[in-house]
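# Summary of the model geometry
The primary structure of each chain is shown beneath.
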Amino acid sequence: MKVEEKGHTTIIKDTQGDLTSFLLKLDHETSFSKHNLIIDLSSYKNLVAKDILLFTDFYKMHKKEKKSFVIVASEFDFNANTKNIVVVPSILEAHDIIEMEEIERDLGF
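Residues numbered from 1 in each chain as written. Predicted model: local features only at pLDDT ≥ 70, side-chain atom pairs only at ≥ 80, totals over all residues. Heavy atoms only, no water.

### Brief notes about unusual backbone geometry
Leaving glycine out, the prevailing phi sign among residues is negative, and the prevailing peptide bond configuration is trans. Phi angles above zero are rare outside glycine, and Lys66 is one such case at about 60°. If you trace the backbone, Lys66 turns up in the loop between α3 (56-64) and β4 (69-72). Phi at Lys83 is positive, roughly 55°, even though this residue is not glycine. Position of Lys83 among the secondary structure elements: in the loop between β4 and β5 (86-88). Relative accessible area serves as the criterion here: at 64%, Lys83 is assigned to the exposed category. (Helix = DSSP H or I, 4+ residues; strand = E, 2+ residues; numbered from the N terminus. Buried < 20%, exposed > 50% of the residue type's maximum accessible area, 1.4 Å probe, protein only.)

As C-alpha cells, this is what we get:
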C-alpha cells in the first residue's frame, strides 16, 4: 500500500494486487478518516460494481465526517450502479471531484 498526501487529500494505492488484503489494511488504519480520500485501484483490470461496493463502509465514514471519498478505476463500467460511491478514471478527475465537493460543503449544500 502506497500512501501519498497532497494538502488536505490522501491518495492510497494498492501495490499488492489483492483487493481483500488491501481492504483489511485500510480497515485497520484510522488516520485516514479525517482527510479526503482517493483510493487508486487503477492497476486492477476487471473491477465490477460488487468490488466497488466493498468500500461502502469507508464511503459512509467519510461522508459522516464531511470528507470526500473517490475511487480511481481506469478500466470500469462507469454506468454500473455503485450507489453513491464516486468512481472516476483518473487521479486528476478525483481531485476535481473533491474540489467541487469542498465548494459545495463551503456553500452549505
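### Here we look at the confidence of the model for the chain
The pLDDT averaged across the chain works out to 90; a share of 99% of its residues lies at or above 70. β4 holds the highest mean pLDDT among the elements of the chain, 96, whereas helix α1 (residues 19-28) holds the lowest, 88. (pLDDT = per-residue confidence, 0-100.)

### Digging into the packing of aromatic side chains
To describe a pair of aromatic rings, you give the distance between the ring centres and the angle between the ring planes. Evaluated as defined, the whole model comprises four aromatic pairs. Each ring, one from Phe55 and one from Phe69, has its centre 6.4 Å from the other, and the planes form 40°; the classification is tilted. Here Phe55 is found in the loop between α2 (49-53) and α3, whereas its partner Phe69 is found in strand β4, with 14 residues between them in sequence. Of the residues examined, Phe55 reaches a relative accessible area of 0% and is grouped as buried. (Phe/Tyr/Trp six-rings, centres within 6.5 Å; stacked < 30°, edge-to-face > 60°.)

### A word on a nonpolar patch on the surface
On the surface, Ile103, Leu107 and Phe109 cluster together into a nonpolar patch covering about 390 Å² of accessible area. Residue position: Leu107 is located in helix α4 (residues 91-107). (Patch = residues over 30% accessible without salt bridge, like charges linked within 9 Å, V, L, I, M, F, W, Y side chains within 5 Å. Areas by Shrake-Rupley, 256 points an atom, 1.4 Å probe, with all protein chains shown as cover. Salt bridge = Lys/Arg side-chain N within 4 Å of Asp/Glu carboxyl O.)

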